[in-house]
Number of protein chains: 2
Amino acid sequence: MAKAAATVHGQRTPCQQCPLRSLPHFREFDRDELNFVSGFKKGELLVDAGATIFLEGAHSAHLFTILSGWGFRYKTLEDGRRQILNYVMPGDLIGLQGSIMGEMQHSTEALSPISLCVFERTELMTLYNSHPSLAYDLTWIASREERILDEHLLSIGRRSALERAAYLIAYLHQRARALRLFNGSKTIPIRQQHVADTLGLSVVHTNKTLKKLAARKLLFWHERGCEVLDGEGLAELAGWDGLDSVRRPFI
Amino acid sequence: MAKAAATVHGQRTPCQQCPLRSLPHFREFDRDELNFVSGFKKGELLVDAGATIFLEGAHSAHLFTILSGWGFRYKTLEDGRRQILNYVMPGDLIGLQGSIMGEMQHSTEALSPISLCVFERTELMTLYNSHPSLAYDLTWIASREERILDEHLLSIGRRSALERAAYLIAYLHQRARALRLFNGSKTIPIRQQHVADTLGLSVVHTNKTLKKLAARKLLFWHERGCEVLDGEGLAELAGWDGLDSVRRPFI
DNA sequence: CGACCGCTTGAGAAACCTCAATCTGCGTGG
DNA sequence: CCACGCAGATTGAGGTTTCTCAAGCGGTCG
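As the structure is a computational prediction, the values presented were derived from the model and not from experiment.

1. Points about the overall build of chain A
Across its full length, chain A carries eight helices and eleven strands. Computed over C-alpha atoms, the radius of gyration of chain A comes to 18 Å, within 12% of the 18 Å expected from 2.2 N^0.38 for 251 residues, which places it in the range of a compact globule. Looking at chain A residue by residue over its 251 residues, the buried ones come to 61%. For chain A, the share of sequence-separated contacts (at least 6 apart) that also reach a separation of at least 24 residues comes to 76%. Between the averaged position of the 30 positive side-chain charges in chain A and that of its 28 negative side-chain charges there is a distance of 5 Å.

2. Quick word on the protein's contact with DNA strand D
Around DNA strand D, the structure places 13 residues, and the nearest of them are Gln192(A), Asn207(A), Lys211(A), Trp221(A) and Ser202(B). Those atoms of DNA strand D that come within 4 Å of the protein belong to sugar or phosphate at a rate of 78%. Between DNA strand D and the protein, one listed contact pairs a phosphate oxygen with a side-chain N or O atom of Asn207(A) at 2.6 Å. Elements supplying a minimum of two residues to the surface near DNA strand D: helix H7 (203–215) of chain A together with helix H7 (203–215) of chain B. Sorting elements by how many residues they give to the surface near DNA strand D places H7(A) first, with four residues. Within the surface near DNA strand D, the residues separate by chemical class into five nonpolar, five polar and three charged.

3. A closer look at the UniProt feature "domain: HTH crp-type" (unreviewed entry) in chain A
Annotation from UniProt places "domain: HTH crp-type" (unreviewed entry) at residues 159–232 of chain A. Annotation note: span residues 159–232 of chain A, helix share 55%, strand share 11%, distance between end C-alpha atoms 17 Å.

4. Some points on the protein's contact with DNA strand C
Near DNA strand C there are 14 residues, and of these Ser202(A), His205(A), Gln192(B), Asn207(B) and Trp221(B) occur at the shortest range. Separating a phosphate oxygen of DNA strand C from a side-chain N or O atom of Asn207(B) is a distance of 2.4 Å. In the environment of DNA strand C, a phosphate oxygen lies 3.0 Å from a nitrogen or oxygen atom belonging to the side chain of Trp221(B). With four residues, H7(B) is the largest single contributor of residues to the surface near DNA strand C. Tallied by class, residues from the surface near DNA strand C come to five nonpolar, five polar and four charged.

5. Quick look at the interface of chain A and chain B
At the interface, 50 residues of chain A touch 50 residues of chain B. Buried area between chain A and chain B, both sides added, is near 4,900 Å², and the carbon and sulfur share of it is 60%. Counting the surface chain A buries against chain B, the share from its top three residues, Met101(A), Arg147(A) and Arg158(A), is 18%. Summed over the shared surface of chain A and chain B, the number is eight salt bridges. For Arg158(B), the salt bridge identified is with Asp197(A), shortest N-O distance 2.6 Å. Run the count over chain A and chain B and you get 27 residue pairs in polar contact (both at pLDDT 80 or more). Every element with two or more residues in the side of chain A that touches chain B is listed here: strand E5 (71–76), strand E6 (82–88), helix H2 (96–101), helix H3 (124–130), helix H4 (132–158) and helix H6 (192–199) of chain A. Ranked by the residues each element gives to the side of chain A that touches chain B, the list is headed by H4(A), at 22 residues.

6. Focus: the sheet that holds E5(A)
Taken in spatial order, the four strands make up an open sheet running E3-E8-E5-E6 (chain A), and their pairing is antiparallel. On the outer flanks of this sheet lie strand E3 (52–54) and E6 of chain A, each paired with one strand and no other. When the angles between neighbouring strand axes are averaged without regard to direction, this sheet yields 35 degrees. Bridge count between E5(A) and strand E8 (residues 107–110) of chain A: four bridges; the pairing is antiparallel. Looking at the pairing, Phe72(A) lines up with Glu109(A) of E8(A). Running over the sheet, helix H4 (residues 132–158) of chain B touches E5 and E6 of chain A and is turned about 130 degrees from E6(A).

7. Thoughts on the sheet that holds strand E3 (residues 52–54) of chain B
Strand order in the open sheet formed by four strands is E3-E8-E5-E6 (chain B), with antiparallel pairing between adjacent strands. Where the open sheet ends on each side, the last strands, each with one partner, are E3 and strand E6 (82–88) of chain B. The sheet shows a mean angle of 35 degrees between the axes of neighbouring strands, taken without regard to direction. Pairing of strand E5 (residues 71–76) of chain B with E6(B) involves six bridges; the strand directions are antiparallel. Bridge assignment links Arg73(B) to a residue of E6(B), and that residue is Asn86(B). The sheet strands contacting H4(A) are E5 and E6 of chain B, and the helix crosses E6(B) at an angle near 130 degrees.

Parameters at a glance
Residues numbered from 1 in each chain as written. Chains lettered and ligands numbered in written order. Predicted model: local features only at pLDDT ≥ 70, side-chain atom pairs only at ≥ 80, totals over all residues. Heavy atoms only, no water. Helix = DSSP H or I, 4+ residues; strand = E, 2+ residues; numbered from the N terminus. Rg over C-alpha atoms; globule rule 2.2 N^0.38 Å. Buried < 20%, exposed > 50% of the residue type's maximum accessible area, 1.4 Å probe, protein only. Contact = heavy atoms within 4.5 Å. Lys, Arg positive; Asp, Glu negative; His and termini not counted. Charge placed at Lys NZ, Arg CZ, Asp CG, Glu CD. Near = heavy atom within 4 Å. Polar contact = N/O pair within 3.5 Å; in protein donor to acceptor, adjacent residues only side chain to side chain. Nonpolar A, V, L, I, M, F, W, Y, C, P; charged D, E, K, R; others polar. UniProt positions renumbered as here; feature names shortened; annotations may be inferred. Buried area = accessible area lost by both parts, 1.4 Å probe. Salt bridge = Lys/Arg side-chain N within 4 Å of Asp/Glu carboxyl O. Pairing = 2+ DSSP bridges. Axes fitted to C-alpha atoms, helices over the stretch in contact; angles between N-to-C directions.

This is how it looks when you write it as structure tokens:
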């Protein structure tokens with residue numbers, strides 16, 4: 001686990017040509033905002049699948065936006081029990097909590113190779129001083145994460161194992177689809193252990209639960225992860241309304 | 001339930017004399033910040049115990065800061081299963097998620113009589129434009145909520161019923177103590193039903209779990225709620241490090 | 001006094017867990 | 001090319017946790 005492999009790239013895609021910007025999922029930036037973000041960006045970073053990007057307790061000097069790849073945030077108890085808090089995908093800003101409040105209180109790990117845009121924590125205040133609209137976006141981003149965590153909490157606390165699993169897969173599927181991530185592989189790159197650690201279940205019970213979803217032809221599981229057959233069916237089974245479709249900002 | 005009783009008060013405590021400001025728990029504001037916030041504040045609102053402050057799905061024109069009293073945020077599934085997401089106490093800003101992102105996706109209810117400072121959603125952008133330090137504070141506040149939700153998620157997902165209950169009570173106790181709320185009553189004003197809905201347990205099992213904590217002399221339960229006997233013991237049982245003691249902003 | 005709310009208790013059922021063994025596909029070293 | 005080892009998925013058995021149902025108790029309030 002936690003191979004620390006990472007490569008720094010000096011050369012970088014200018015934000016003005018960021019492939020994510022063209023997605024209808026994200027709000028448009030004006031020229032000024034784009035220029036500022038471009039200057040805010042210090043470089044790019046490549047990280048291997050399985051690598052740890054942030055470790056709980058660290059004081060990172062950087063924050064990142066995911067350019068490509070999948071990852072997840074998690075916390076652990078002292079005896080090793082792990083809880084996955086949320087998943088990160090392209091366009092997600094990671095490390096904001098640590099940058100704003102000091103020490104990181106959760107870890108972040110790559111599920112696939114990930115490329116990241118690198119920002120300096122120390123320049124965050126400049127953003128607040130010079131670009132109120134981006135400052136607003138940062139609050140927006142934090143509020144969105146909060147909202148998603150609210151829904152996860154509802155899920156773990158009050159949904160049955162079957163509903164929980166359906167919700168999780170539907171959630172990941174919706175997010176990934178909005179980002180057009182299924183042009184290539186159509187596969188959600190997670191192990192059943194990740195599902196278990198997200199849902200607060202054991203792997204064994206998770207396996208039996210996923211088999212029930214597969215028996216209903218809602219999804220199927222293969223070597224590399226999970227493939228969704230019926231996202232709406234999953235959402236319906238979970239009693240989940242889905243993510244709102246408002247265009248969101250990203251830095 | 002949900003008595004809609006609320007009283008608007010034109011007269012109001014000026015923010016410069018806000019009793020919360022003097023608590024060491026909060027960061028100090030300079031004169032300029034204080035003046036701005038004072039102008040931002042439109043009045044005060046009194047709300048009865050049991051009243052609903054925000055209802056899921058609403059588009060509120062206001063956001064509030066709790067001046068006094070206890071409340072909680074929650075979500076429900078269609079069939080009525082309820083999950084309490086977090087508790088709100090003096091100094092907490094509520095309704096930010098709705099103000100930033102539009103529709104409210106959770107409800108908020110008063111546990112005790114609550115007094116609120118009222119702000120206008122439409123003036124939020126002014127804050128971002130004119131007071132970067134307060135804008136930063138808003139992101140800080142949202143990040144803090146996120147961090148707390150992370151911990152709750154870990155708790156519900158991976159802690160046993162006994163650990164969960166211990167964590168919850170220790171958490172509420174620490175927060176309330178930092179706010180000097182125990183000068184009067186020393187009681188956390190919740191029913192066992194609230195504990196159950198926070199921990200994702202049934203009331204019956206919650207009752208049995210709380211009795212175990214009481215048997216260990218960590219707390220005791222009486223007519224009006226819960227009283228903590230050994231906050232550190234609770235935190236230790238839960239394997240919880242406690243809240244960080246950084247002074248926090250509030251608007 | 002009677003109704004109601006919240007806490008308590010017991011009993012049986014369901015959900016979920018741990019342990020342990022097996023299977024599969026894949027990459028590695030020989 | 002093959003044997004081996006490993007990670008991840010699968011299955012069964014038996015145990016624990018937590019749930020639901022149901023009844024009872026005590027205090028408060030109209």
